[in-house]
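Here's the letter readout for the chains.
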Amino acid sequence: MSQPDLLTFLLLSILKVAVVLVLTLMAVAYTVLLERKVLGRIQNRWGPTRVGPFGLLQPLTDGLKLFLKEDLMPIASERPLFIIAPIIALTCALISISVVPFGSHTTKYGVDLFQITDLNIGLLVILGITSIGVYGVALSGWSSNNKFALLGSLRATSQMISYELALGLSLVGVVLRAQSLSLRDIVNSQSAHGALSWNIFGGLQILAFFIYIMAAYAETNRAPFDLPEAESELVAGYHTEYSSMKFAMFFMAEYANMITVACVASLLFLGGPSSPFGHTFDGVLNNAFFNAVFPIFWFVVKVLFFLLVYIWVRGTTPRLRYDQLMAFGWKFLLPLAIVNIIFTSLVLALRG
Amino acid sequence: MQLALFLIFGALAVAGAINFLLQKHPINSALSLVVVMISLAILYWSLGAEFLAAAQVIVYSGAVMVLFVFVIMLLNAGKEEHTHGSRAAYLVGFPGAAAIFCLLSFVFLSEGKALGAVTLGGHLNDVVSNISQISSLLFRDLLLPFEVTSILILVAILGAVVLARKER
(Lines give C-alpha, C1' and ligand atoms only; values in the text may rest on other atoms or scores of the structure.)
Protein backbone atom coordinates (compact mmCIF):
# COMPACT_ATOMS: atom_id res chain seq x y z
CA MET A 1 0.00 0.00 0.00
CA SER A 2 1.38 3.43 -0.87
CA GLN A 3 1.62 6.27 1.64
CA PRO A 4 -1.63 8.20 0.91
CA ASP A 5 -3.61 4.96 0.65
CA LEU A 6 -2.35 3.86 4.04
CA LEU A 7 -3.25 7.26 5.48
CA THR A 8 -6.84 7.16 4.19
CA PHE A 9 -7.12 3.57 5.44
CA LEU A 10 -5.94 4.57 8.92
CA LEU A 11 -8.13 7.67 9.11
CA LEU A 12 -11.22 5.84 7.88
CA SER A 13 -10.60 2.99 10.32
CA ILE A 14 -10.21 5.33 13.28
CA LEU A 15 -13.32 7.25 12.22
CA LYS A 16 -15.25 3.98 11.92
CA VAL A 17 -14.18 2.82 15.38
CA ALA A 18 -15.15 6.19 16.88
CA VAL A 19 -18.57 6.17 15.19
CA VAL A 20 -19.31 2.60 16.27
CA LEU A 21 -18.21 3.36 19.84
CA VAL A 22 -20.39 6.47 20.09
CA LEU A 23 -23.35 4.66 18.55
CA THR A 24 -22.95 1.75 20.96
CA LEU A 25 -22.84 4.08 23.96
CA MET A 26 -25.92 5.92 22.66
CA ALA A 27 -27.65 2.58 22.16
CA VAL A 28 -26.76 1.64 25.73
CA ALA A 29 -28.22 4.88 27.08
CA TYR A 30 -31.43 4.51 25.10
CA THR A 31 -31.77 0.81 25.98
CA VAL A 32 -31.96 1.93 29.60
CA LEU A 33 -34.73 4.38 28.68
CA LEU A 34 -36.50 1.70 26.60
CA GLU A 35 -36.38 -0.66 29.55
CA ARG A 36 -37.79 1.92 31.94
CA LYS A 37 -40.56 2.85 29.52
CA VAL A 38 -41.58 -0.71 28.62
CA LEU A 39 -41.36 -1.93 32.22
CA GLY A 40 -43.53 1.02 33.14
CA ARG A 41 -46.15 0.03 30.58
CA ILE A 42 -46.03 -3.61 31.77
CA GLN A 43 -46.72 -2.39 35.31
CA ASN A 44 -49.46 -0.03 34.10
CA ARG A 45 -47.63 3.26 34.70
CA TRP A 46 -45.93 5.78 32.42
CA GLY A 47 -42.21 5.48 33.09
CA PRO A 48 -40.04 8.61 32.68
CA THR A 49 -41.98 11.39 30.94
CA ARG A 50 -40.73 14.70 32.37
CA VAL A 51 -37.38 15.37 30.67
CA GLY A 52 -37.81 16.26 27.01
CA PRO A 53 -40.60 14.98 24.75
CA PHE A 54 -41.75 11.51 25.98
CA GLY A 55 -38.81 11.54 28.43
CA LEU A 56 -36.35 11.22 25.55
CA LEU A 57 -33.68 13.31 27.27
CA GLN A 58 -33.79 11.19 30.44
CA PRO A 59 -30.54 9.24 29.63
CA LEU A 60 -28.63 12.53 29.28
CA THR A 61 -29.78 13.80 32.67
CA ASP A 62 -29.06 10.41 34.23
CA GLY A 63 -25.53 10.54 32.87
CA LEU A 64 -25.07 14.10 34.09
CA LYS A 65 -26.34 13.17 37.54
CA LEU A 66 -23.98 10.20 37.82
CA PHE A 67 -21.04 12.35 36.66
CA LEU A 68 -21.69 15.01 39.28
CA LYS A 69 -22.27 12.67 42.21
CA GLU A 70 -19.65 12.26 44.91
CA ASP A 71 -17.33 9.32 44.28
CA LEU A 72 -17.29 7.39 47.55
CA MET A 73 -14.43 5.00 48.23
CA PRO A 74 -14.67 2.57 51.18
CA ILE A 75 -11.66 2.89 53.49
CA ALA A 76 -11.14 -0.88 53.80
CA SER A 77 -11.27 -1.55 50.06
CA GLU A 78 -8.38 -2.81 47.94
CA ARG A 79 -7.85 0.47 46.13
CA PRO A 80 -6.25 -0.48 42.78
CA LEU A 81 -8.52 -3.46 42.20
CA PHE A 82 -11.57 -1.46 43.28
CA ILE A 83 -10.81 1.07 40.53
CA ILE A 84 -9.77 -1.45 37.86
CA ALA A 85 -12.82 -3.73 38.24
CA PRO A 86 -15.45 -1.45 36.59
CA ILE A 87 -12.94 -0.58 33.85
CA ILE A 88 -12.46 -4.29 33.04
CA ALA A 89 -16.22 -4.84 33.01
CA LEU A 90 -16.99 -1.93 30.67
CA THR A 91 -14.01 -2.48 28.34
CA CYS A 92 -14.81 -6.15 27.83
CA ALA A 93 -18.46 -5.34 27.24
CA LEU A 94 -17.60 -2.75 24.57
CA ILE A 95 -14.80 -4.66 22.76
CA SER A 96 -17.00 -7.55 21.71
CA ILE A 97 -19.07 -5.28 19.43
CA SER A 98 -15.96 -4.98 17.21
CA VAL A 99 -16.48 -8.28 15.37
CA VAL A 100 -20.21 -7.79 14.76
CA PRO A 101 -21.15 -7.17 11.10
CA PHE A 102 -24.11 -4.76 11.13
CA GLY A 103 -24.58 -4.27 7.40
CA SER A 104 -23.85 -5.92 4.09
CA HIS A 105 -20.24 -6.27 2.99
CA THR A 106 -19.36 -2.81 1.55
CA THR A 107 -15.78 -1.68 1.06
CA LYS A 108 -14.58 1.87 0.41
CA TYR A 109 -10.82 2.55 0.07
CA GLY A 110 -10.08 -0.95 1.43
CA VAL A 111 -12.14 -0.35 4.57
CA ASP A 112 -15.11 -2.56 5.39
CA LEU A 113 -17.70 0.09 6.25
CA PHE A 114 -20.17 -1.90 8.34
CA GLN A 115 -17.90 -4.06 10.47
CA ILE A 116 -14.82 -3.10 12.46
CA THR A 117 -12.91 -6.32 11.75
CA ASP A 118 -13.86 -9.60 10.14
CA LEU A 119 -11.84 -12.15 12.12
CA ASN A 120 -11.80 -15.79 11.11
CA ILE A 121 -12.43 -16.70 14.77
CA GLY A 122 -14.94 -13.91 15.44
CA LEU A 123 -17.30 -16.08 17.46
CA LEU A 124 -14.50 -17.37 19.69
CA VAL A 125 -13.30 -13.81 20.23
CA ILE A 126 -16.72 -12.85 21.57
CA LEU A 127 -16.75 -15.89 23.88
CA GLY A 128 -13.20 -15.15 25.05
CA ILE A 129 -13.90 -11.51 25.81
CA THR A 130 -17.05 -12.47 27.73
CA SER A 131 -15.01 -14.88 29.81
CA ILE A 132 -12.48 -12.14 30.61
CA GLY A 133 -15.36 -9.88 31.65
CA VAL A 134 -16.00 -12.21 34.60
CA TYR A 135 -12.96 -10.69 36.29
CA GLY A 136 -14.64 -7.29 36.53
CA VAL A 137 -17.50 -8.78 38.53
CA ALA A 138 -15.32 -11.10 40.64
CA LEU A 139 -12.80 -8.41 41.59
CA SER A 140 -15.40 -5.73 42.32
CA GLY A 141 -17.10 -7.89 44.93
CA TRP A 142 -13.90 -8.98 46.61
CA SER A 143 -12.12 -5.63 46.60
CA SER A 144 -15.00 -3.65 48.11
CA ASN A 145 -14.64 -5.65 51.37
CA ASN A 146 -18.36 -6.02 51.94
CA LYS A 147 -20.06 -9.33 52.59
CA PHE A 148 -23.04 -8.61 50.37
CA ALA A 149 -20.78 -7.56 47.52
CA LEU A 150 -18.63 -10.66 47.97
CA LEU A 151 -21.68 -12.95 48.02
CA GLY A 152 -23.05 -11.25 44.92
CA SER A 153 -19.79 -11.56 43.03
CA LEU A 154 -19.38 -15.22 44.03
CA ARG A 155 -22.88 -15.93 42.77
CA ALA A 156 -22.26 -14.01 39.55
CA THR A 157 -18.92 -15.68 38.86
CA SER A 158 -20.09 -19.24 39.43
CA GLN A 159 -23.25 -18.56 37.42
CA MET A 160 -21.29 -17.14 34.51
CA ILE A 161 -18.76 -19.99 34.47
CA SER A 162 -21.51 -22.61 34.62
CA TYR A 163 -23.66 -21.12 31.88
CA GLU A 164 -20.70 -20.39 29.60
CA LEU A 165 -20.56 -24.13 28.82
CA ALA A 166 -24.17 -24.39 27.70
CA LEU A 167 -23.78 -21.11 25.80
CA GLY A 168 -20.69 -22.26 23.94
CA LEU A 169 -22.10 -25.70 23.13
CA SER A 170 -25.38 -24.24 21.82
CA LEU A 171 -23.40 -22.35 19.16
CA VAL A 172 -21.65 -25.46 17.83
CA GLY A 173 -24.64 -26.43 15.67
CA VAL A 174 -24.55 -23.04 13.93
CA VAL A 175 -20.80 -23.31 13.37
CA LEU A 176 -21.23 -26.81 11.96
CA ARG A 177 -23.74 -25.48 9.44
CA ALA A 178 -21.66 -22.47 8.41
CA GLN A 179 -18.34 -24.38 8.56
CA SER A 180 -16.68 -21.21 9.78
CA LEU A 181 -16.28 -19.18 12.94
CA SER A 182 -16.27 -15.87 11.12
CA LEU A 183 -19.50 -13.99 11.84
CA ARG A 184 -19.63 -12.72 8.25
CA ASP A 185 -19.50 -16.30 6.91
CA ILE A 186 -22.17 -17.39 9.38
CA VAL A 187 -24.44 -14.60 8.15
CA ASN A 188 -23.73 -15.49 4.51
CA SER A 189 -24.57 -19.13 5.15
CA GLN A 190 -28.14 -18.06 6.03
CA SER A 191 -28.84 -15.55 3.31
CA ALA A 192 -29.91 -17.86 0.46
CA HIS A 193 -33.70 -18.00 0.81
CA GLY A 194 -34.54 -15.28 3.31
CA ALA A 195 -36.25 -16.35 6.52
CA LEU A 196 -36.52 -19.96 5.33
CA SER A 197 -32.76 -20.43 5.43
CA TRP A 198 -32.21 -18.72 8.79
CA ASN A 199 -30.68 -21.05 11.33
CA ILE A 200 -33.73 -20.88 13.59
CA PHE A 201 -36.09 -22.20 10.86
CA GLY A 202 -34.32 -23.83 7.93
CA GLY A 203 -31.20 -24.73 9.88
CA LEU A 204 -33.25 -26.70 12.44
CA GLN A 205 -31.44 -24.83 15.21
CA ILE A 206 -34.55 -23.77 17.12
CA LEU A 207 -33.46 -25.84 20.13
CA ALA A 208 -30.01 -24.24 20.08
CA PHE A 209 -31.69 -20.84 19.82
CA PHE A 210 -33.64 -21.33 23.05
CA ILE A 211 -30.61 -22.79 24.84
CA TYR A 212 -28.55 -19.78 23.72
CA ILE A 213 -31.17 -17.28 24.83
CA MET A 214 -31.57 -18.82 28.28
CA ALA A 215 -27.82 -19.23 28.82
CA ALA A 216 -27.21 -15.68 27.62
CA TYR A 217 -29.76 -14.27 30.07
CA ALA A 218 -27.88 -16.03 32.87
CA GLU A 219 -24.56 -14.87 31.42
CA THR A 220 -25.62 -11.20 31.52
CA ASN A 221 -27.10 -11.57 35.05
CA ARG A 222 -30.57 -10.54 33.94
CA ALA A 223 -33.97 -11.62 35.22
CA PRO A 224 -34.99 -14.39 35.89
CA PHE A 225 -31.34 -15.21 36.62
CA ASP A 226 -30.48 -11.94 38.39
CA LEU A 227 -29.41 -13.59 41.64
CA PRO A 228 -26.08 -11.71 41.76
CA GLU A 229 -27.97 -8.49 42.41
CA ALA A 230 -31.07 -9.83 44.14
CA GLU A 231 -32.25 -6.68 45.91
CA SER A 232 -34.23 -8.51 48.57
CA GLU A 233 -31.22 -10.54 49.74
CA LEU A 234 -28.00 -8.76 48.76
CA VAL A 235 -28.69 -4.98 48.80
CA ALA A 236 -27.36 -4.55 45.23
CA GLY A 237 -24.92 -7.42 44.81
CA TYR A 238 -21.39 -6.92 43.57
CA HIS A 239 -21.72 -3.16 43.00
CA THR A 240 -23.12 -2.33 46.44
CA GLU A 241 -20.13 -0.16 47.40
CA TYR A 242 -19.83 1.59 44.05
CA SER A 243 -21.10 5.09 43.44
CA SER A 244 -20.95 7.83 40.81
CA MET A 245 -19.18 7.01 37.52
CA LYS A 246 -17.86 3.66 38.73
CA PHE A 247 -21.42 2.49 39.32
CA ALA A 248 -22.40 3.92 35.95
CA MET A 249 -19.64 1.86 34.31
CA PHE A 250 -21.08 -1.37 35.73
CA PHE A 251 -24.53 -0.28 34.65
CA MET A 252 -23.34 0.51 31.11
CA ALA A 253 -21.43 -2.79 30.97
CA GLU A 254 -24.63 -4.70 31.80
CA TYR A 255 -26.60 -3.01 29.01
CA ALA A 256 -23.70 -3.24 26.53
CA ASN A 257 -23.60 -6.97 27.24
CA MET A 258 -27.33 -7.14 26.58
CA ILE A 259 -26.81 -5.43 23.22
CA THR A 260 -23.97 -7.81 22.34
CA VAL A 261 -26.15 -10.81 23.17
CA ALA A 262 -28.95 -9.37 21.04
CA CYS A 263 -26.51 -8.80 18.16
CA VAL A 264 -25.05 -12.30 18.38
CA ALA A 265 -28.50 -13.90 18.63
CA SER A 266 -29.71 -12.07 15.53
CA LEU A 267 -26.47 -12.84 13.63
CA LEU A 268 -26.37 -16.52 14.46
CA PHE A 269 -30.03 -17.46 14.38
CA LEU A 270 -31.98 -14.78 12.50
CA GLY A 271 -29.59 -14.13 9.63
CA GLY A 272 -28.20 -10.84 10.94
CA PRO A 273 -28.39 -8.07 8.34
CA SER A 274 -29.99 -10.26 5.67
CA SER A 275 -33.58 -9.57 4.70
CA PRO A 276 -36.36 -12.00 5.75
CA PHE A 277 -37.66 -11.95 2.16
CA GLY A 278 -34.39 -13.19 0.68
CA HIS A 279 -33.91 -12.07 -2.90
CA THR A 280 -37.64 -11.62 -3.69
CA PHE A 281 -37.52 -7.82 -3.72
CA ASP A 282 -33.99 -7.40 -5.09
CA GLY A 283 -35.26 -5.37 -8.04
CA VAL A 284 -37.13 -2.83 -5.90
CA LEU A 285 -35.22 0.33 -4.86
CA ASN A 286 -32.05 -1.17 -6.29
CA ASN A 287 -29.32 1.45 -5.90
CA ALA A 288 -26.18 1.76 -3.82
CA PHE A 289 -27.82 3.81 -1.06
CA PHE A 290 -30.77 1.51 -0.41
CA ASN A 291 -28.62 -1.61 -0.76
CA ALA A 292 -26.51 -0.26 2.11
CA VAL A 293 -29.40 0.97 4.27
CA PHE A 294 -31.82 -1.97 4.15
CA PRO A 295 -29.44 -4.55 5.75
CA ILE A 296 -28.75 -2.11 8.58
CA PHE A 297 -32.49 -1.60 8.99
CA TRP A 298 -33.14 -5.35 9.26
CA PHE A 299 -30.28 -5.76 11.70
CA VAL A 300 -31.53 -2.95 13.96
CA VAL A 301 -35.07 -4.37 13.88
CA LYS A 302 -33.81 -7.80 14.96
CA VAL A 303 -31.61 -6.39 17.73
CA LEU A 304 -34.51 -4.26 18.96
CA PHE A 305 -36.72 -7.35 19.00
CA PHE A 306 -34.26 -9.21 21.23
CA LEU A 307 -33.92 -6.22 23.56
CA LEU A 308 -37.71 -6.05 23.90
CA VAL A 309 -37.82 -9.77 24.71
CA TYR A 310 -35.17 -9.14 27.39
CA ILE A 311 -37.31 -6.44 28.99
CA TRP A 312 -40.50 -8.44 28.60
CA VAL A 313 -38.94 -11.43 30.37
CA ARG A 314 -37.71 -9.18 33.15
CA GLY A 315 -41.16 -7.69 33.62
CA THR A 316 -42.95 -11.04 33.79
CA THR A 317 -40.82 -13.77 35.38
CA PRO A 318 -39.95 -14.29 39.06
CA ARG A 319 -36.40 -14.96 40.19
CA LEU A 320 -35.08 -18.53 40.45
CA ARG A 321 -33.64 -20.01 43.63
CA TYR A 322 -29.89 -20.62 43.51
CA ASP A 323 -29.99 -24.43 43.52
CA GLN A 324 -32.68 -24.30 40.82
CA LEU A 325 -30.40 -22.07 38.75
CA MET A 326 -27.47 -24.48 38.97
CA ALA A 327 -29.63 -27.57 38.36
CA PHE A 328 -31.24 -25.89 35.34
CA GLY A 329 -27.87 -25.04 33.82
CA TRP A 330 -26.02 -28.28 34.45
CA LYS A 331 -28.78 -30.91 34.35
CA PHE A 332 -31.07 -29.47 31.69
CA LEU A 333 -29.40 -26.98 29.33
CA LEU A 334 -26.02 -28.72 29.02
CA PRO A 335 -27.36 -32.21 28.07
CA LEU A 336 -29.85 -30.58 25.72
CA ALA A 337 -27.02 -28.67 23.99
CA ILE A 338 -25.05 -31.91 23.55
CA VAL A 339 -28.14 -33.63 22.08
CA ASN A 340 -28.47 -30.73 19.66
CA ILE A 341 -24.84 -31.09 18.54
CA ILE A 342 -25.25 -34.84 17.92
CA PHE A 343 -28.52 -34.29 16.04
CA THR A 344 -27.10 -31.49 13.86
CA SER A 345 -23.92 -33.36 12.98
CA LEU A 346 -25.96 -36.50 12.14
CA VAL A 347 -28.22 -34.52 9.81
CA LEU A 348 -25.23 -32.80 8.18
CA ALA A 349 -23.37 -36.09 7.78
CA LEU A 350 -26.36 -37.86 6.21
CA ARG A 351 -27.01 -34.96 3.84
CA GLY A 352 -23.42 -34.30 2.87
CA MET B 1 3.36 -4.22 12.43
CA GLN B 2 3.40 -7.87 13.50
CA LEU B 3 6.91 -7.41 14.85
CA ALA B 4 5.60 -4.54 16.97
CA LEU B 5 2.83 -6.82 18.28
CA PHE B 6 5.42 -9.43 19.19
CA LEU B 7 7.66 -6.93 20.98
CA ILE B 8 4.83 -5.30 22.95
CA PHE B 9 3.19 -8.50 24.10
CA GLY B 10 6.46 -10.36 24.65
CA ALA B 11 7.56 -7.55 26.96
CA LEU B 12 4.14 -7.62 28.65
CA ALA B 13 4.40 -11.37 29.22
CA VAL B 14 7.85 -11.05 30.78
CA ALA B 15 6.75 -8.09 32.92
CA GLY B 16 3.67 -10.03 34.08
CA ALA B 17 5.78 -13.06 34.98
CA ILE B 18 8.22 -10.95 37.02
CA ASN B 19 5.34 -9.14 38.71
CA PHE B 20 3.81 -12.54 39.51
CA LEU B 21 6.89 -13.40 41.57
CA LEU B 22 7.29 -10.00 43.21
CA GLN B 23 3.72 -9.36 44.36
CA LYS B 24 2.99 -10.04 48.02
CA HIS B 25 -0.75 -10.56 47.76
CA PRO B 26 -1.91 -13.83 46.14
CA ILE B 27 -4.73 -12.15 44.19
CA ASN B 28 -2.30 -9.73 42.54
CA SER B 29 -0.07 -12.67 41.59
CA ALA B 30 -3.05 -14.49 40.10
CA LEU B 31 -4.00 -11.41 38.07
CA SER B 32 -0.48 -11.01 36.70
CA LEU B 33 -0.66 -14.65 35.65
CA VAL B 34 -3.82 -13.74 33.71
CA VAL B 35 -1.87 -10.97 31.97
CA VAL B 36 0.87 -13.47 31.05
CA MET B 37 -1.69 -15.86 29.60
CA ILE B 38 -3.44 -13.23 27.51
CA SER B 39 -0.11 -11.96 26.16
CA LEU B 40 0.87 -15.53 25.29
CA ALA B 41 -2.45 -15.91 23.46
CA ILE B 42 -1.65 -12.85 21.37
CA LEU B 43 1.84 -14.23 20.64
CA TYR B 44 0.23 -17.46 19.40
CA TRP B 45 -2.08 -15.37 17.26
CA SER B 46 0.80 -13.43 15.75
CA LEU B 47 2.37 -16.79 14.84
CA GLY B 48 -0.78 -17.71 12.90
CA ALA B 49 -2.33 -20.09 15.46
CA GLU B 50 -5.61 -18.25 15.97
CA PHE B 51 -7.57 -21.20 17.34
CA LEU B 52 -4.88 -21.92 19.93
CA ALA B 53 -4.98 -18.25 20.94
CA ALA B 54 -8.75 -18.28 21.43
CA ALA B 55 -8.62 -21.56 23.33
CA GLN B 56 -5.87 -20.18 25.54
CA VAL B 57 -7.98 -17.14 26.45
CA ILE B 58 -11.23 -19.05 26.94
CA VAL B 59 -9.81 -22.03 28.84
CA TYR B 60 -6.86 -20.67 30.77
CA SER B 61 -7.56 -17.04 31.49
CA GLY B 62 -11.35 -17.37 31.33
CA ALA B 63 -11.97 -20.56 33.30
CA VAL B 64 -8.90 -21.91 35.09
CA MET B 65 -7.66 -18.58 36.43
CA VAL B 66 -11.18 -17.50 37.42
CA LEU B 67 -11.34 -20.60 39.60
CA PHE B 68 -7.92 -19.71 41.10
CA VAL B 69 -9.13 -16.20 41.90
CA PHE B 70 -12.33 -17.73 43.28
CA VAL B 71 -10.40 -19.95 45.70
CA ILE B 72 -8.20 -17.05 46.80
CA MET B 73 -11.29 -14.92 47.41
CA LEU B 74 -13.05 -17.67 49.38
CA LEU B 75 -10.02 -18.56 51.52
CA ASN B 76 -9.44 -14.84 52.05
CA ALA B 77 -5.69 -15.45 51.97
CA GLY B 78 -3.83 -12.51 53.45
CA LYS B 79 -0.49 -11.04 52.49
CA GLU B 80 2.29 -13.56 52.46
CA GLU B 81 4.97 -13.25 55.10
CA HIS B 82 8.34 -12.35 53.75
CA THR B 83 10.97 -14.90 54.70
CA HIS B 84 14.57 -15.02 53.63
CA GLY B 85 14.23 -18.55 52.30
CA SER B 86 16.67 -21.33 52.82
CA ARG B 87 20.38 -20.89 52.27
CA ALA B 88 20.50 -23.86 49.92
CA ALA B 89 18.03 -22.18 47.57
CA TYR B 90 20.37 -19.20 47.19
CA LEU B 91 23.46 -21.33 46.85
CA VAL B 92 22.05 -23.77 44.31
CA GLY B 93 19.24 -21.77 42.74
CA PHE B 94 21.09 -18.95 41.01
CA PRO B 95 23.94 -21.07 39.55
CA GLY B 96 21.38 -23.70 38.56
CA ALA B 97 19.17 -21.19 36.77
CA ALA B 98 22.21 -19.70 35.03
CA ALA B 99 23.38 -23.16 33.98
CA ILE B 100 19.97 -24.10 32.52
CA PHE B 101 19.83 -20.77 30.67
CA CYS B 102 23.32 -21.31 29.21
CA LEU B 103 22.55 -24.91 28.24
CA LEU B 104 19.28 -23.98 26.50
CA SER B 105 20.78 -21.05 24.63
CA PHE B 106 23.75 -23.21 23.59
CA VAL B 107 21.43 -25.90 22.23
CA PHE B 108 19.24 -23.41 20.41
CA LEU B 109 22.17 -21.55 18.90
CA SER B 110 24.16 -24.61 17.82
CA GLU B 111 21.24 -26.77 16.64
CA GLY B 112 19.26 -23.88 15.14
CA LYS B 113 19.30 -25.40 11.66
CA ALA B 114 18.03 -28.80 12.82
CA LEU B 115 15.24 -27.29 14.94
CA GLY B 116 14.06 -25.04 12.14
CA ALA B 117 13.86 -21.27 12.30
CA VAL B 118 10.75 -19.13 12.70
CA THR B 119 10.55 -15.72 11.13
CA LEU B 120 8.79 -13.02 13.10
CA GLY B 121 5.77 -11.51 11.42
CA GLY B 122 4.15 -12.39 8.13
CA HIS B 123 2.14 -15.30 9.54
CA LEU B 124 -1.14 -13.42 9.37
CA ASN B 125 -0.84 -12.43 5.71
CA ASP B 126 -2.12 -15.68 4.15
CA VAL B 127 -5.53 -16.39 5.58
CA VAL B 128 -5.63 -20.15 6.22
CA SER B 129 -8.01 -21.38 8.88
CA ASN B 130 -6.17 -23.90 11.00
CA ILE B 131 -9.30 -25.11 12.79
CA SER B 132 -9.98 -27.76 10.14
CA GLN B 133 -6.35 -28.91 10.32
CA ILE B 134 -6.50 -29.17 14.11
CA SER B 135 -9.81 -31.03 14.06
CA SER B 136 -8.71 -33.54 11.42
CA LEU B 137 -5.60 -34.18 13.53
CA LEU B 138 -7.54 -34.56 16.77
CA PHE B 139 -10.55 -36.48 15.55
CA ARG B 140 -9.00 -38.66 12.84
CA ASP B 141 -5.25 -39.14 13.08
CA LEU B 142 -4.88 -38.93 16.85
CA LEU B 143 -8.35 -40.16 17.82
CA LEU B 144 -7.20 -42.86 20.26
CA PRO B 145 -4.90 -40.62 22.39
CA PHE B 146 -7.60 -37.96 22.37
CA GLU B 147 -10.26 -40.34 23.68
CA VAL B 148 -7.88 -41.82 26.24
CA THR B 149 -7.10 -38.32 27.52
CA SER B 150 -10.80 -37.53 27.86
CA ILE B 151 -11.34 -40.74 29.88
CA LEU B 152 -8.41 -39.70 32.07
CA ILE B 153 -10.05 -36.32 32.70
CA LEU B 154 -13.35 -38.06 33.47
CA VAL B 155 -11.62 -40.23 36.06
CA ALA B 156 -10.07 -37.10 37.58
CA ILE B 157 -13.54 -35.49 37.83
CA LEU B 158 -14.93 -38.59 39.53
CA GLY B 159 -12.00 -38.56 41.94
CA ALA B 160 -12.68 -34.93 42.81
CA VAL B 161 -16.36 -35.72 43.44
CA VAL B 162 -15.44 -38.63 45.71
CA LEU B 163 -12.98 -36.47 47.66
CA ALA B 164 -15.44 -33.61 48.04
CA ARG B 165 -18.39 -35.75 49.14
CA LYS B 166 -19.17 -35.71 52.83
CA GLU B 167 -18.75 -38.91 54.85
CA ARG B 168 -22.01 -40.39 56.02
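Given the structure is predicted, the values throughout are model-derived calculations rather than measurements.

(A) Representation of the overall build of chain B. Along the backbone of chain B there are seven helices and zero strands. Counted from the first residue to the last, chain B has its helices and strands arranged as α-α-α-α-α-α-α. Among the 168 residues that make up chain B, the fraction classed as buried is 15%. The long-range share in chain B, meaning contacts at least 24 apart out of those at least 6 apart in sequence, stands at 61%.

(B) Seen up close, the overall build of chain A. Of regular secondary structure, chain A possesses 12 helices and two strands. Shown N-terminal to C-terminal, the secondary structure of chain A runs as helices and strands in the order α-α-α-β-β-α-α-α-α-α-α-α-α-α. Taken over C-alpha atoms, the radius of gyration comes to 21 Å for chain A, in line with the 20 Å a tight globule of 352 residues would show. A principal-axis box enclosing the C-alpha atoms of chain A has dimensions of 60 × 50 × 45 Å. Counting only residues that meet the buried cut, chain A has 44% of its 352 residues in that class. The contacts of chain A with a sequence gap of at least 6 include a subset with a gap of at least 24, amounting to 79%.

(C) Molecular detail of the nonpolar core. All names here are of chain A. Among the nonpolar cores identified, the biggest contains 110 residues, and A89, A138, Y212, A215, I259 and A262 are the most heavily contacted of them. At 16 residues, the largest contribution of residues to this core is made by helix 10 (residues 244-269). When near neighbours in sequence (up to four residues on either side) are disregarded, A215 contacts Y163, A166, L167, S170 and L333.

(D) Region of interest: the interface of chain A and chain B. Contact with chain A, which involves 14 residues of that partner, is made by 15 residues of chain B. If you list the elements that add at least two residues to the side of chain A that touches chain B, you get helix 4 (122-143) and helix 5 (147-170) of chain A. By residue number, the principal contributor to the side of chain A that touches chain B is helix 4 of chain A, which donates nine residues. Class assignment for the residues of the side of chain A that touches chain B results in 10 nonpolar, four polar and no charged.

(E) Spatial organisation of helix 12 (residues 322-351) of chain A. All names here are of chain A. Taking 1.5 Å per residue, 30 residues should reach 44 Å; helix 12 reaches 42 Å between its end C-alpha atoms and fits that length. Of all the positions in helix 12, only L325, F328, G329, L333, A337, N340 and T344 are classed as buried. Buried-residue contacts for helix 12 involve helix 5, helix 6 (172-178) and helix 8 (206-219).

(F) Examining unusual backbone geometry more closely. Residues and elements named next belong to chain A. Its identity is not glycine, yet N44 carries a phi of approximately 60°, on the positive side. For N44, the position within the fold is in the loop between helix 1 (3-42) and helix 2 (58-68). We note that Q179 has phi near 55°; this positive angle belongs to a residue other than glycine. Tracing the backbone shows Q179 in the loop between helix 6 and helix 7 (183-188).

(G) Structural context of the environment of L21 of chain A. Residue and element names in this part refer to chain A. Residue placement: L21 occurs in helix 1. By C-beta crowding, L21 is classed as partly exposed, having 14 other C-beta atoms within 10 Å. Taking the C-alpha atoms as reference, L21 lies 8.7 Å from I97; in sequence the two are 76 residues apart.

(H) Just the packing of helix 2 (residues 26-46) of chain B against helix 3 (residues 50-75) of chain B, in detail. Residues and elements named next belong to chain B. Where helix 2 meets helix 3, the axes come as close as 8 Å, and the angle between the chain directions of the two elements is 175°. What the angle tells us is that helix 2 and helix 3 run roughly antiparallel. Across the interface between the two elements, P26, I27, A30, L33, V34, M37, I38, L40, A41, I42, Y44 and W45 from helix 2 touch E50, L52, A53, Q56, V57, Y60, S61, M65, F68, V69 and I72 from helix 3. Residue composition of the contact of helix 2 with helix 3, by class: 20 nonpolar, two polar and one charged.

(I) The arrangement of helix 8 of chain A in detail. Residues and elements named next belong to chain A. Here helix 8 spans 20 Å end to end across 14 residues, near enough to the 20 Å set by a 1.5 Å rise per residue. Within helix 8, 10 of the 14 residues are buried, which leaves it mostly tucked inside the rest of the structure. Buried within helix 8 we find A208, F209, I211, Y212, M214, A215, A216, Y217, A218 and E219. Looking at the packing, one finds that the buried side of helix 8 touches helix 4, helix 5, helix 6, helix 10, helix 11 (288-316) and helix 12.

(J) A look at the confidence of the model for chain B. Model confidence for chain B is summarised by a mean pLDDT of 82, while 85% of its residues fall at 70 or above. Interface confidence for the predicted complex, given as ipTM, is 0.77, next to a pTM of 0.84.

(K) Looking closely at the packing of helix 10 of chain A against helix 11 of chain A. All names here are of chain A. Orientation of helix 10 relative to helix 11, taken along the N-to-C sense of each, is 125°, at an axis distance of 9 Å. As the angle between them shows, helix 10 and helix 11 are arranged oblique. Seen from above, helix 10 lies across helix 11 with right-handed handedness. In this structure, helix 10 contributes M258, I259, A262, C263, A265 and S266 to the contact, and helix 11 contributes F299, K302, V303, F306, L307 and Y310. Its residues assigned to classes, the contact of helix 10 with helix 11 shows 10 nonpolar, one polar and one charged.

(L) Just the environment of D62 of chain A, in detail. Residue and element names in this part refer to chain A. Tracing the backbone shows D62 in helix 2. Residue D62 is classed as partly exposed on the basis of its 18 C-beta neighbours within 10 Å. In this structure, the C-alpha to C-alpha distance between D62 and A29, residues 33 residues apart in sequence, is 9.1 Å.

Definitions and cut-offs
- Residues numbered from 1 in each chain as written.
- Chains lettered and ligands numbered in written order.
- Predicted model: local features only at pLDDT ≥ 70, side-chain atom pairs only at ≥ 80, totals over all residues.
- Helix = DSSP H or I, 4+ residues; strand = E, 2+ residues; numbered from the N terminus.
- Buried ≥ 20, exposed ≤ 12 C-beta atoms within 10 Å, placed from the backbone.
- Contact = placed C-beta atoms within 7 Å.
- Rg over C-alpha atoms; globule rule 2.2 N^0.38 Å.
- Core = buried A, V, L, I, M, F, W, Y, C linked by C-beta atoms within 7 Å.
- Nonpolar A, V, L, I, M, F, W, Y, C, P; charged D, E, K, R; others polar.
- Expected span 1.5 Å × (residues − 1).
- Axes fitted to C-alpha atoms, helices over the stretch in contact; angles between N-to-C directions.
- Parallel < 35°, antiparallel > 145°, perpendicular 65-115°, else oblique.
- pLDDT = per-residue confidence, 0-100.
- Left-handed = near helix turned anticlockwise from the far one by under 90°.

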